[in-house]
Amino acid sequence: QNLVEAELEWEPSIDSSEIGVSVANGVVTLSGAVPTYAEKIAAERCAMRIKGVHGVAQEIEVRPFGDVGVKDDEIAKRALRMLDWNTMIPPDAVKVKVEDGRVTLSGEVDWNFEREAADRLVQGLYGVRAVTNHLKVKSRVQADNVHSRIEDALKRQSRLEASKIRVFVDGGKVRLEGKVHAWADRATIEHAAWAAPGVTSVDDRVTITA
């Protein structure tokens with residue numbers, strides 16, 4: 001608990017004064033309120049960075065300053081404008097729906113990094129209380145060596161032992177299994193899987209061990 005609280009206080013993008021932290025059996029529960037959704041996500045990432053954390057229960061509420069939000073139609077317009085100007089996201093690929101400050105993204109993109117870029121853009125908009133990302137990665141012609149590409153990427157990561165990670169490929173679907181010691185390692189493995197050509201979904205079953 002002390003480590004998570006110290007990490008939250010150290011992170012410059014977060015005002016941790018209104019965030020509560022409790023810990024039980026390696027699971028961190030975050031509570032309280034922050035003015036933006038981006039801060040809520042940043043707080044979650046802070047907790048995941050701490051060694052020994054096996055999971056995070058996210059109970060932080062997003063409350064804009066003075067609890068005066070932005071109208072849904074204005075959030076949607078801003079989101080579409082931001083997506084249109086971003087060169088990482090294909091033009092007109094993302095559809096935006098907003099209800100009570102909760103944004104839903106839908107449509108198809110070519111790569112997972114485009115999917116993640118759209119998510120990050122919307123997270124930072126004022127008035128957004130939550131983001132649901134339903135963007136799908138288009139199914140493409142499969143390279144014969146998707147499995148080996150993923151394993152080679154894992155071997156290049158000096159912190160990880162690729163032999164302890166099992167990779168199963170079925171068409172464009174990848175399933176990952178194994179154990180690592182930190183959330184950062186788990187994220188690295190998942191990123192390696194998504195970076196392989198033709199991957200449309202990743203079922204990450206890698207677990208965190210003490």
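Residues numbered from 1 in each chain as written. Predicted model: local features only at pLDDT ≥ 70, side-chain atom pairs only at ≥ 80, totals over all residues. Heavy atoms only, no water.

### Re the pattern of salt bridges
Then comes step 1: As enumerated under the stated definition, the model contains 9 salt bridges in all.
Then comes step 2: Taking the shortest distance from any N to any O, the salt bridge between glutamate 7 and arginine 49 comes out at 2.9 Å. Highlighted residues: glutamate 7 in helix 1 (residues 2–10) and arginine 49 in helix 2 (residues 37–49), separated in sequence by 42 residues.
Then comes step 3: You can call glutamate 7 buried: its relative accessible area is 17%.
Then comes step 4: On the accessibility criterion, arginine 49 (44% relative accessible area) is partly exposed.
Then comes step 5: For aspartate 203, the salt bridge is made with arginine 205, and the minimal N-O distance between the two is 2.8 Å.
Then comes step 6: Exposure remark for arginine 205: the relative accessible area of 46% places this residue in the partly exposed category.
Then comes step 7: One salt-bridge network, in which partners are shared between bridges, spans Glu7, Glu11 and Arg49. (Salt bridge = Lys/Arg side-chain N within 4 Å of Asp/Glu carboxyl O. Helix = DSSP H or I, 4+ residues; strand = E, 2+ residues; numbered from the N terminus. Buried < 20%, exposed > 50% of the residue type's maximum accessible area, 1.4 Å probe, protein only.)

### A look at the side chain of asparagine 112
Then comes step 1: By secondary structure assignment, the location of asparagine 112 is in helix 4 (residues 112–123).
Then comes step 2: Residues within four places of asparagine 112 in sequence aside, it is in contact with Val137 and Trp194. (Contact = heavy atoms within 4.5 Å.)

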